[in-house]
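One-letter residues, chain by chain:
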Number of protein chains: 2
Amino acid sequence: MDKYKIIEVKQSVFKNNNERADNLRKELKEKKVFLLNLMSSPGSGKTTTLVRTINALKDKIKIAIMEADIDGQCDADTILNKTGVKVIQLHTGGMCHLDAEMTRSGVENLGIDGFDLVVLENIGNLVCPAEFDTGASENVMILSVPEGDDKPLKYPLMFEVCDVVLINKIDTLSVFDFNIEECTNRIHKLNPKAKVIPFSAKTGEGMDAWFEYLLNQVKDWKK
Amino acid sequence: MDKYKIIEVKQSVFKNNNERADNLRKELKEKKVFLLNLMSSPGSGKTTTLVRTINALKDKIKIAIMEADIDGQCDADTILNKTGVKVIQLHTGGMCHLDAEMTRSGVENLGIDGFDLVVLENIGNLVCPAEFDTGASENVMILSVPEGDDKPLKYPLMFEVCDVVLINKIDTLSVFDFNIEECTNRIHKLNPKAKVIPFSAKTGEGMDAWFEYLLNQVKDWKK
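Chemist: Just checking my understanding: could you explain the overall build of chain A for this structure?
Modeler: Within chain A, the secondary structure is distributed over eight helices and eight strands. Relative to the 2.2 N^0.38 estimate, which gives 17 Å for 223 residues, the radius of gyration of chain A is 16 Å and therefore close to what a compact globule would have. Viewed in the frame of its principal axes, chain A has a C-alpha envelope of about 45 × 40 × 40 Å. Looking at chain A residue by residue over its 223 residues, the buried ones come to 60%. Carbon and sulfur atoms make up 48% of the accessible area of chain A, which amounts to about 9,200 Å² in all. When the 29 basic and 34 acidic side-chain charges of chain A are each reduced to a single mean position, those positions are 4 Å apart.

This is the structure:
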């Protein structure tokens, strides 16, 4: 089974996570590699979103993926089988988030030279990952329609630290009681600059706005 | 605003959480109070499930609710408005889980004498709450159909520590790719004794089995 590396990332003992995150971000900037930290609840559609995003952009930019999970590797298999880009699996051994040093360990094992965009698919959790700067160029979260439009009220820090909120599964809006406008207002109350993009990773509806935004961010990072 | 108490529960510094949890469980057993620790991802339907459950059982047993949230109090309002039972709101100040001492603080603020069933609605998180014994008589989790049937593979500890897995939102089975049988097999591989009950807290379909099971558990606890 040499399809991709599986790395055990250990919890760091470092108190100065913010400083370490800034250092990693600076190094990535010098290498012109855009690191996207993708966060969400379990089951909100991170992997499906990634597959569509990679396949839309992989002819324009060079992409690699770090799949973080407590255990298992089904998402890494999915990404590899459906996109063919370089993937590594990070196992956190029970840890509920990634910090800057764990991310650095992933980046070093992946080998990022020559890549334009590296995505860290973080642990499915709306609480702890929000507390740790990973060193990413940008934080992006997915909120899915079935989870409810009240989530910004309950998990405010996650919405505060994210540059972009992707509202996924809009193909199920008729089945669930979810008000996109009200949700967007709640997000902007916490984080006025947050970009909110509703789409369906299942049908592809609305995703062009996200692909265009991301491509521009990756290009801007190289300047 | 004196509808219900809002308690700030602080992170404990105690290393011996398991011992403290056992002590709390013993005291609750002596007082014949069944404490249910309800866990799930954000947005899987804990509060909707609770409202239906309370309204089905409140004429048979005396019920009180402890709503734990990082911030906000919308679920406590919902429970109070829709059921009228005693509710308190626990705020964890950013913490991603409750431990035995935080639960004890809630129990003491609630005042449990005379109650048959107290439900702790834990923080929406499939990772950290699984690691801390709260002192509850039973751990119950909700997995909702939109989250996907692969969750036991990715968050195994949560499925290992729960006595019951409630599969919610079965009214949306036609919209999502979720195989109940396969999911149940994955759960039983981790936890052969786990009771799996599929239902829809929105329509009420399948909930009678859960009400009956819970009522029996509460009665058995008093023996």
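Now that the structure has been shown, the text picks up again.
Chemist: Can you walk me through the interface of chain A and chain B in this structure?
Modeler: A common measure of how large an interface is: the accessible area buried when the components associate. Tallying the contact residues gives 31 residues for chain A and 31 residues for chain B. A combined buried area of about 2,300 Å² lies between chain A and chain B, and 61% of that area is made up of carbon and sulfur atoms. Interface area lost by chain A to chain B is led by Pro42(A), Lys154(A) and Val175(A), which between them contribute 23%. Counting every contact that joins chain A to chain B gives two salt bridges. Between Lys154(B) and Asp75(A) there is a salt bridge, with the nearest N and O atoms lying 2.8 Å from each other. Summed over the shared surface of chain A and chain B, the number is eight residue pairs in polar contact (both at pLDDT 80 or more). Put simply, the parts of the chain that give the side of chain A that touches chain B at least two residues each are helix H3 (74-83) and helix H5 (151-154) of chain A. Ranked by residue count, the leading element in the side of chain A that touches chain B is H5(A), at three residues.

Chemist: Can you help me understand unusual backbone geometry in this one?
Modeler: Leaving glycine aside, a negative phi is the common case for residues, and trans is the common case for peptide bonds. Although it is not a glycine, Lys169(A) sits at a positive phi angle of roughly 70°. Topologically, Lys169(A) is positioned in the loop between strand S7 (164-168) and helix H7 (180-190).

Chemist: Help me understand the pairing of strand S8 (residues 195-198) of chain A in this model?
Modeler: Regular strands have side chains that alternate between both faces of the sheet. Residue and element names in this part refer to chain A. Examined bridge by bridge, S7 and S8 share four bridges and lie parallel to one another. Each residue of the ladder has a partner; that of Leu166, found in S8, is Ile197. In the classification by handedness, the crossover that spans S7, the intervening H7 and the parallel S8 is right-handed.

Chemist: Can you walk me through the relation of the copies chain A and chain B in this structure?
Modeler: A rotation about an axis combined with a shift along that same axis relates the two copies of the chain. Structural alignment of chain A on chain B gives an RMSD of 0.0 Å, achieved by rotating through 180° and translating 0.0 Å along the axis. The two molecules are tied by a two-fold rotation axis, judged by turn and shift. Both copies contact each other with a shared surface, as 100% of the interface residues of chain A are interface residues in chain B too.

Chemist: What is the right way to read the sheet that holds S8(A) from this model?
Modeler: Sheets are built from strands paired through backbone hydrogen bonds, the pairs being either parallel or antiparallel. Residues and elements named next belong to chain A. Spatially, eight strands are ordered S1-S4-S3-S5-S2-S6-S7-S8 in an open sheet, and the strand pairing comes out parallel. Two strands lie at the open edges of the sheet, namely strand S1 (6-8) and S8, each paired on one side alone. Sheet twist, expressed as the mean angle between neighbouring strand axes with direction ignored, is 20°. Note that strand S6 (residues 138-144) and S7 share five bridges and pair parallel. Considered in S7, the bridge of Ser144 is made with Asn168. Taken strand by strand, H7 contacts S6, S7 and S8, and its axis lies near 160° from that of S8.

Each value, and the rule that gives it
Residues numbered from 1 in each chain as written. Chains lettered and ligands numbered in written order. Predicted model: local features only at pLDDT ≥ 70, side-chain atom pairs only at ≥ 80, totals over all residues. Heavy atoms only, no water. Helix = DSSP H or I, 4+ residues; strand = E, 2+ residues; numbered from the N terminus. Rg over C-alpha atoms; globule rule 2.2 N^0.38 Å. Buried < 20%, exposed > 50% of the residue type's maximum accessible area, 1.4 Å probe, protein only. Areas by Shrake-Rupley, 256 points an atom, 1.4 Å probe, with all protein chains shown as cover. Lys, Arg positive; Asp, Glu negative; His and termini not counted. Charge placed at Lys NZ, Arg CZ, Asp CG, Glu CD. Contact = heavy atoms within 4.5 Å. Buried area = accessible area lost by both parts, 1.4 Å probe. Salt bridge = Lys/Arg side-chain N within 4 Å of Asp/Glu carboxyl O. Polar contact = N/O pair within 3.5 Å; in protein donor to acceptor, adjacent residues only side chain to side chain. Pairing = 2+ DSSP bridges. Right-handed = clockwise from strand over helix to strand, strands pointing away. Least-squares fit on C-alpha atoms with pLDDT ≥ 70 in both. Axes fitted to C-alpha atoms, helices over the stretch in contact; angles between N-to-C directions.

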